[in-house]
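Here is what each chain is made of, one letter per residue.
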Protein chains: 4
Amino acid sequence: MGKNRLEAFSDGVLAIIITIMVLELKVPHGSGTEALQPLLPVFLSYVLSFVYIGIYWNNHHHLLKAATRINGAIMWSNLHLLFWLSLFPFVTGWMGENHFTSLPSAVYGAVLLMAAIAYYILQSLIIAEEGRESRLAESLRRDLKGKISPVLYAFGIAISFFRPWLAGCVYVFVALMWLIPDRRIERAVSQPRGG
Amino acid sequence: MGKNRLEAFSDGVLAIIITIMVLELKVPHGSGTEALQPLLPVFLSYVLSFVYIGIYWNNHHHLLKAATRINGAIMWSNLHLLFWLSLFPFVTGWMGENHFTSLPSAVYGAVLLMAAIAYYILQSLIIAEEGRESRLAESLRRDLKGKISPVLYAFGIAISFFRPWLAGCVYVFVALMWLIPDRRIERAVSQPRGG
Amino acid sequence: MGKNRLEAFSDGVLAIIITIMVLELKVPHGSGTEALQPLLPVFLSYVLSFVYIGIYWNNHHHLLKAATRINGAIMWSNLHLLFWLSLFPFVTGWMGENHFTSLPSAVYGAVLLMAAIAYYILQSLIIAEEGRESRLAESLRRDLKGKISPVLYAFGIAISFFRPWLAGCVYVFVALMWLIPDRRIERAVSQPRGG
Amino acid sequence: MGKNRLEAFSDGVLAIIITIMVLELKVPHGSGTEALQPLLPVFLSYVLSFVYIGIYWNNHHHLLKAATRINGAIMWSNLHLLFWLSLFPFVTGWMGENHFTSLPSAVYGAVLLMAAIAYYILQSLIIAEEGRESRLAESLRRDLKGKISPVLYAFGIAISFFRPWLAGCVYVFVALMWLIPDRRIERAVSQPRGG
C-alpha cells in the first residue's frame, strides 16, 4: 500500500527543510562578535523552526505508524502538509531578519496555523480509513493539544500587530507544549491489537 | 533486483527538487506588505510546480509499484525523467520572477512537455519488460490523460507567445486534471494476480 | 519501534549537511589560479568538516545498530545532535572565509563540543534503555576517545584566542583520532548474543 | 553489516549532488532569449555532470549489489568517493561560467580523475573482502573501461591547457562509453551462486 514510500518521501522532504533553513544563516564577512550579533534573531528563529519541524516529524512518525492503509486522499493531504512545512525556511528567514516585527511574525504564525490544519486533515483522513472504532481514532478522541494549538496560533497572528514579541512567546509556548511526543498514539500502538 | 534503490533514489531527488524550489522565494529585506507583493507571482508558480512534482511522485509511485523487473534501460529512462524534473526550480523561478511573460512561460511548458515525454518512455519500457499481456499494459491501453497532456503542453507553449496568461491557465488545467491519482493502475495492482 | 525511520531521517539530514557545505565554496568569477587561491582555506575547512560528518555518520550508524529499543527521549536527543551538526555548514564557511582567525575558530570548536555532548547524551539514553548490563553498555564502559574529545575541543576553543592555527591543529588531530570506526561497538554487535 | 544504510546514505548524497547542481543555473533577470544565452554553457556542463553522477549511481548500485560484507575500510572509501563527487556542483558551475576555458576544464578533469581513483579503491576493497575467487572479482578481472577512463581523464587535463574544447570532447566521450551499465557485474550477480 505504499506506506513505506510515503514515509520515505516525507522523511526526505522534512530532512531537507530542517537542513536548508540553516542556509538563511548567511556567513558574515567580518570575523568579530559584531559580525555575529545581527545573526542572533535569525539564529533564534532557526532554533524555533528546527523544534517545530522536529515536532512534526515526531508526530507524523507516530501517526503513520498507527496507519495500516494509505489511499490517494491520504497521499495528497500528506503533500498538502509538506507544502506548508516547505514554507518554513522562507518565513523563518523573514521573521529572523526583521527582528520579529509585526507582519513577518503574523505570516510565520499563519504558516504554523495552515500546517496545523493540514496535519488535522491528514489525521482525519487516516482515522476515516482506519475506522471510527480503531484504536487510533479512540486515542485521538480528545486530542486537547491538537485543538488548542490552532487557537493559540490565531491568537499569535492577531497579537503580532500590537505586541509582536508576545506572538513570539506564544509560538515558543506551543512548541514547548508539543515537545512531548504524542504518547496517546504511542501507547495505543504499543498495546497488542487484541486489547 | 534494485527496484527499492531506484525508488529510494527517485524519492530523494523528487524530495530535494520539491524543497529547493522554495529557495527561489528570496527572503525580502523590508518587513511590510510592499516587500511581500513582488513575491506573489513567484509564490504562485511555486504552488503550481509543487503540485506538478507531487503528481509525478504519485504516478511514479504507482507505476513502479506495478513494475516487477528493472533493467538498465529503465534505470536510465528514470534518470532521464529526473533530469527534466530537476529543471523545475530554474523554470519556476524564472517564470515567477518575470510575471508569467512569454518566453519564460514557453520554456516552463517545454520542460513540462519533455518531462511528460520522459515519463511516457519510462512507462513504455516498464510495460515492455512486464509484457504486453501484463495487467499494467492492459490498464494503460487507453491512457487518455497521458495522451492529451503533451498536446495541451504544446498548445500552452505556442499560446504563450500571444496570450501568456492563457498558457498559465493551460498548465493549471492539466495539473488539476492529473490531481486524481492514476486509479487504473491502482486498481490493477490491488486486484489479485490470478484475476 | 521506529528505529528504521530514525535512521532514515538521520541519514537524510547528514547527507544534506555533508553536501550543502560545498555550497559555501562559491564559484569564483575569474578562471585563473588567482580566482581559486582565496578558496583554499574554505576548501580546507570543508575537507575537515566532511571528515567530521563522516565520523558522526559512522559512529551513529554503529551506535544505532546496537540499539534495540527507541523511546521519545532518544528521538529528541537524536534531533538535538542533528541540530548541532546542522550548524556545520555555517561555521565551516565562516572559519574558512576568515582564514582560521580567532573567533570563527572558537565558534567552530564550540559547535564541535556541543555536538560531542549531544552525542554523549544520545549514547547515554540508548544505554539506559538497553540496560547497564547490555553488551553496548559494557563495550562503552571505558570510552577513552569519547572522554578525551570534549577536553580537546575545549582546549581548542581556549587556544584559538591566542594561537588560532593551533586550534585548527587540535581539531584535525581529534578527527584523525576518530577516523578509525568504533571497533568496540562493532565487535560487541558482531559477537553472538549468547556470548 | 550495515549495507542498507550505506546504500541509503550514498543514495541521499548522490540525489542531493545531482539536484543542487541545478542551483548553479542562476535565474536570470531578463525574460528574453538574450537572458538565457549566457546560461547555455552552464546548462551544457550541467547535462554532462548529471550524466556522470547518473553513471556513478548506476555502477555504485551494481557494485554494492554484488557486495555481501561491509567493513570499516569500505565505509570510509565510500565516503572518500562521495567527497570527490560532492565537488561536482562547484567544478561544474566554474567550468560552465567560464565557457570551458583552460584551468576550469583541467580542474573538472582532475575531479573526474580523483573520483575514478576513489571508485577503483572502493571496488578493490570490496573485492578483497569478497575474496579473489568471488564472482565479482572474476567479472572485474579485465575491467577495460575502468582502466582506460583514468588515462583519458589525465589526457583531458593535459590537453585542456592547449585545446580546452578537446578536453570537453574527451569528457563527453568517456561519459558515453560508460552510459552502458556495467553488464559484467550485472550478469555475474544474476547468475545463480552455484554457477
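Here is a short report on the structure shown in this document. (Residues numbered from 1 in each chain as written. Chains lettered and ligands numbered in written order. Predicted model: local features only at pLDDT ≥ 70, side-chain atom pairs only at ≥ 80, totals over all residues. Heavy atoms only, no water.)

Here we take up the packing of helix α1 (residues 3-20) of chain C against helix α3 (residues 40-66) of chain C. Residues and elements named next belong to chain C. Between α1 and α3, the shortest axis-to-axis distance is 10 Å and the interhelical angle comes to 175°. The angle between the axes of α1 and α3 places the two elements in the roughly antiparallel class. In this structure, α1 contributes Lys3, Leu6, Glu7, Ser10, Asp11, Leu14, Ile17 and Ile18 to the contact, and α3 contributes Tyr46, Phe50, Ile53, Gly54, Trp57, His60, Leu64 and Lys65. (Axes fitted to C-alpha atoms, helices over the stretch in contact; angles between N-to-C directions. Helix = DSSP H or I, 4+ residues; strand = E, 2+ residues; numbered from the N terminus. Parallel < 35°, antiparallel > 145°, perpendicular 65-115°, else oblique. Contact = heavy atoms within 4.5 Å.)

With that out of the way, let us pick up the interface of chain C and chain A. At the interface, 30 residues of chain C touch 37 residues of chain A. Around 2800 Å² of area is buried between chain C and chain A when both sides are counted, 74% of it from carbon and sulfur atoms. Summed over the shared surface of chain C and chain A, the result is two salt bridges. For the side of chain C that touches chain A, the elements supplying multiple residues, two or more each, are α1, α4 (72-86), α5 (88-97) and α6 (102-130) of chain C. Class assignment for the residues of the side of chain C that touches chain A results in 20 nonpolar, seven polar and three charged. (Buried area = accessible area lost by both parts, 1.4 Å probe. Salt bridge = Lys/Arg side-chain N within 4 Å of Asp/Glu carboxyl O. Nonpolar A, V, L, I, M, F, W, Y, C, P; charged D, E, K, R; others polar.)

In this section: unusual backbone geometry. Residue and element names in this part refer to chain A. For phenylalanine 100, which is not a glycine, the phi torsion comes out positive at approximately 60°. Considering the arrangement of structural elements, one finds phenylalanine 100 in the loop between α5 (88-97) and α6 (102-130). Its relative accessible area of 23% is what places phenylalanine 100 among the partly exposed residues. (Buried < 20%, exposed > 50% of the residue type's maximum accessible area, 1.4 Å probe, protein only.)

The next point concerns the relation of the copies chain C and chain A. In this arrangement, two copies of a chain are superimposed by a rotation about an axis accompanied by a shift along the axis. At an RMSD of 0.0 Å, chain C and chain A line up after a rotation of 90° and a shift of 0.0 Å along the axis. Such values leave the two copies arranged in the relation of a four-fold axis. Residue glycine 12 of chain C, judged by its C-alpha, is the member of chain C lying nearest the rotation axis, at 4.3 Å. Interface overlap between copies: only 7% of the residues of chain C at the interface are likewise at the interface in chain A, consistent with a contact formed by different surfaces. (Least-squares fit on C-alpha atoms with pLDDT ≥ 70 in both.)

Turning our attention to the arrangement of the chains. Across all C-alpha pairs, the smallest distance from chain B to chain C is 9 Å, and the two are not in contact. One finds no contact linking chain A with chain D; the least C-alpha distance across the pair is 9 Å.

Between chain A and chain B, the residue contacts involve 30 residues of the former and 38 residues of the latter. Across the contact surface, chain A and chain B share two salt bridges. A salt bridge links glutamate 7 of chain B to arginine 5 of chain A, with the nearest nitrogen and oxygen atoms 3.8 Å apart. Run the count over chain A and chain B and you get five residue pairs in polar contact (both at pLDDT 80 or more). Listing elements by their share of the side of chain A that touches chain B, those giving two or more residues are α1 (3-20), α4 (72-86), α5 and α6 of chain A. Among the elements that make up the side of chain A that touches chain B, the one with the highest residue count is α1 of chain A (nine residues). In terms of residue class, the side of chain A that touches chain B is made up of 20 nonpolar, seven polar and three charged. (Polar contact = N/O pair within 3.5 Å; in protein donor to acceptor, adjacent residues only side chain to side chain.)

Turning our eyes to something else, we now look at the side chain of threonine 92 of chain A. As for its placement among the helices and strands, threonine 92 of chain A is situated in helix α5. Contact partners of threonine 92 of chain A, with chain neighbours within four places excluded, come to Met21, Ser45, Tyr46, Ser49 and Tyr108 of chain A.

Under the defined criterion, the tally for this structure stands at 48 aromatic pairs over all chains. Note on phenylalanine 90 of chain B and tryptophan 94 of chain B: the rings are 6.4 Å apart at their centroids and 20° apart in plane angle, and the pair reads as stacked. Of this pair, phenylalanine 90 of chain B and tryptophan 94 of chain B both sit in helix α5 (residues 88-97), four residues apart, which is roughly one turn of that helix. In this structure, phenylalanine 90 of chain B and tryptophan 94 of chain B share a single accessibility class: buried. One aromatic cluster is present, built from ring pairs that chain together Phe43, Tyr46 and Phe50 of chain A together with Phe83 and Trp84 of chain C. (Phe/Tyr/Trp six-rings, centres within 6.5 Å; stacked < 30°, edge-to-face > 60°.)

The next subject is the relation of the copies chain A and chain B. Laying chain A over chain B is done by rotating through 90° and shifting 0.0 Å along the axis; what remains is an RMSD of 0.0 Å. The residues that chain A uses at the interface reappear at the interface of chain B in only 7% of cases, marking distinct surfaces.

Let us look at helix α8 (residues 144-159) of chain C. In an α-helix there are 3.6 residues to a turn, and that puts residues three or four apart on one side. All names here are of chain C. End to end, α8 covers 22 Å across 16 residues, agreeing with the expected 22 Å (1.5 Å per residue, within 8%). Buried within α8 we find Lys145, Ser149, Leu152, Tyr153, Gly156, Ile157 and Ile159. Within α8, the buried residues cover an arc of 165° as seen down the axis, which keeps them to one side. The elements touched by buried residues of α8 are α3, α6 and α9 (164-178). (Expected span 1.5 Å × (residues − 1). Arc of directions from axis to C-beta.)

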